[in-house]
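# Survey of secondary and tertiary structure
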Amino acid sequence: MVRIMKLLTRDERPPGEEPVSDLVPEPEVSRAKRVRVLLAAACAPLLFSYTAVATVLAVVAFAADRSRFSGIGTLRAAGPGWLASWQVGLEFGGHPLSVLPLLPTIAVAWFTARTASRAVRRIGGGTPADAVPVVAVIAGSHALFGVLIALLAGGSPVGVNPLTAFCVPGLLAGLAAVAGTAKRCGSPATLRERFDPVAVHGLRAGALGLAALIACGAAVFTTVTAVSWSTVDGLFEPGLGASLGLFLLSVAYLPNAVIASLSFTTGPGFSVGSLTVGMFGYREGQLPGVPVLAGIPSHHAVWWPALLLLPALVGALVGWKIRAIDEDPMLRMRAVAVAGALVAFGCVVLGTLAGGRLGDGPFDPVSVPVGVASVITFCWIVIPGGFVAFFTGAHEAPEPPGEPGEDTEDTEDTDATEDIDATEVAEADEEVVESEEGEAAEPDEVIEAEAEFEDEAEAELARELGEDLDGTPAEIEPGSEPEQDIAVTESTDGSGDESSPGGDR
């Protein structure tokens with residue numbers, strides 16, 4: 001058996017070689033590959049966004065009537081278009097344009113986040129420190145490219161502020177890269193460990209509430225556009241080029257219109273130049289002939305306040321999400337407050353991005369009252385959400401009335417009394433058991449002797465009373481039994497003393 005075990009466990013490798021583990025470690029990424037991955041992460045979003053903007057401009061220019069297509073002019077115009085896709089304000093002949101479409105921004109930010117995620121995976125990153133070089137190169141490349149476009153556009157009719165062109169693309173691209181690398185590098189888990197769990201639940205519920213409010217704004221915008229479809233159709237021109245340009249422009253500004261509808265649904269409303277549309281107020285004004293704005297009503301309607309039910313339901317949804325996080329109602333209320341703060345901050349950011357300057361004409365500016373909107377959305381989340389979270393969640397059992405010291409003393413006294421009673425009852429039970437055992441253990445002889453002794457005592461008592469021994473004694477009433485027993489006991493004691501000498505005789 002020993003020889004077989006040695007054969008089975010014998011190492012066939014020549015001496016000097018170390019055993020190879022079954023778990024092969026992942027090969028380390030070389031420095032050259034890391035550099036290539038970082039360069040690709042820096043250049044890929046730039047090429048994608050610039051090419052997409054140039055393609056759209058080329059298609060519109062080629063399809064437009066009475067226009068001359070120029071490849072060089074399209075490439076030069078794609079630079080300011082790229083800056084506009086990253087929300088950098090422009091100037092056309094001294095007239096500002098800062099109300100920029102959000103759909104291109106969402107597209108390029110999504111592609112940047114996806115590129116950053118792939119770059120981290122290719123270099124084998126799994127910690128937040130591994131994402132730092134990827135985020136840095138992406139943000140830096142976008143900032144430098146923005147400055148380059150601003151410098152090249154110095155002599156053209158399009159004016160760009162170089163500082164804005166440096167900061168805004170770099171900041172937005174960096175945030176997109178952080179969002180793309182967060183999940184792969186474990187940043188959410190790290191933040192959850194360092195943050196208060198109640199605050200984490202509040203942030204999640206706030207993100208849900210913000211998404212629900214955006215959905216409400218989208219639903220309202222879709223409904224009013226469908227109702228006004230005849231007006232939308234009338235705004236398109238017969239030519240293919242002009243209609244295509246209006247269609248692409250309206251699609252690019254769809255997120256802006258949804259945010260304006262969100263502000264209208266929650267109450268504050270929005271304004272386009274002199275036109276103001278609010279839940280409780282309306283002021284007439286001119287509108288640009290863009291299909292995306294065709295759903296704006298021409299007068300106030302009394303049924304508009306009924307739409308306030310939508311943000312109230314969103315607040316109730318947030319409260320329902322938070323109702324089960326803790327049994328303490330005050331902790332749930334704190335989570336609701338965190339959710340409301342996140343929603344209010346999100347509305348400020350969205351309102352700022354959706355509005356801006358639109359030249360110096362009658363349609364300037366396009367704005368959403370972000371200050372009022374943030375306060376109102378906070379109230380829409382906190383008031384109904386707090387009500388639902390407080391009353392639908394679990395509650396701790398109330399403490400019994402009285403001071404804690406008195407309760408402790410009463411408890412100690414009660415426990416002591418119960419111990420004494422239990423001890424007395426146990427001793428009484430032991431005595432009863434002993435007496436019963438003693439009675440049961442008496443021998444039969446003792447019982448017979450006692451019976452004879454009682455007969456003799458009765459005979460002696462009868463002799464003293466002058467009764468005939470052969471006669472039948474008189475019946476004794478029940479009430480006199482204790483006295484008879486006492487008399488019998490006394491006579492028995494006396495007769496025992498007197499009769500004992502006679503017995504001896």
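Scroll up to find the structure this text is about.
So, a few notes on the structure that sits alongside this text. (Residues numbered from 1 in each chain as written. Predicted model: local features only at pLDDT ≥ 70, side-chain atom pairs only at ≥ 80, totals over all residues. Heavy atoms only, no water.)

### Some words on the packing of helix α2 (residues 31–63) against helix α4 (residues 103–122)
- It is at 10 Å that the axes of α2 and α4 come closest, and there the two elements cross at 170 degrees. By the angle between their directions, the pair α2 and α4 is classed as roughly antiparallel. Contact with α2, carried on its side by Lys33, Val37, Ala40, Ala41, Ala44, Pro45, Phe48 and Ser49, involves Val108, Phe111, Thr112, Thr115, Ala119 and Arg122 of α4 and no other residues of that element.
- Per-class residue counts for the contact of α2 with α4 are 9 nonpolar, 3 polar and 2 charged. (Axes fitted to C-alpha atoms, helices over the stretch in contact; angles between N-to-C directions. Helix = DSSP H or I, 4+ residues; strand = E, 2+ residues; numbered from the N terminus. Parallel < 35°, antiparallel > 145°, perpendicular 65-115°, else oblique. Contact = heavy atoms within 4.5 Å. Nonpolar A, V, L, I, M, F, W, Y, C, P; charged D, E, K, R; others polar.)

### Remarks on the sheet that holds strand β3 (residues 158–159)
- Sheet architecture is open: 3 strands sit in the order β2-β1-β3, paired in antiparallel fashion. The open sheet has two edge strands with one neighbour each: β2 (95–97) and β3.
- By the bridge criterion, 3 bridges tie strand β1 (residues 90–92) to β2 in an arrangement that is antiparallel. When the sheet's bridge partners are listed, Leu90 is paired in β2 with Leu97. (Pairing = 2+ DSSP bridges.)

### A closer look at the environment of Val178
- Among the secondary structure elements, Val178 is positioned in helix α6 (residues 162–182).
- Looking at Val178, the relative accessible area reads 43%, which means it is partly exposed. (Buried < 20%, exposed > 50% of the residue type's maximum accessible area, 1.4 Å probe, protein only.)

### Here's the deal with unusual backbone geometry
- Going from Asp364 to Pro365, the amide bond is cis rather than trans, its omega being -5 degrees.
- Mapped onto the elements, Pro365 comes out in the loop between α13 (329–354) and β7 (366–367).
- The backbone of Gln87 shows a phi angle near 65 degrees, a positive value even though the residue is not glycine.
- With respect to the element layout, Gln87 can be found in the loop between α3 (71–85) and β1.
- With a relative accessible area of 12%, Gln87 lands in the buried category.

### Focus: the nonpolar core
- Counting 28 residues, the largest nonpolar core has Trp82, Leu83, Leu90, Val134, Ile138 and Val160 as its most contacted members.
- Residue assignment for this core shows that the elements contributing at least two residues are α2, α3, α4, α5 (128–152) and α6.
- Broken down by element, this core gets its largest block of residues, 6 residues, from α5.
- Contact partners of Ile138, with chain neighbours within four places excluded, come to Ala41, Thr112, Ala116, Ala173 and Ala177.
- Counting residues in hydrophobic clusters, the runner-up holds 17 residues, among them Leu210, Val336, Ala339 and Ile381. (Core = buried A, V, L, I, M, F, W, Y, C linked by side-chain atoms within 4.5 Å.)

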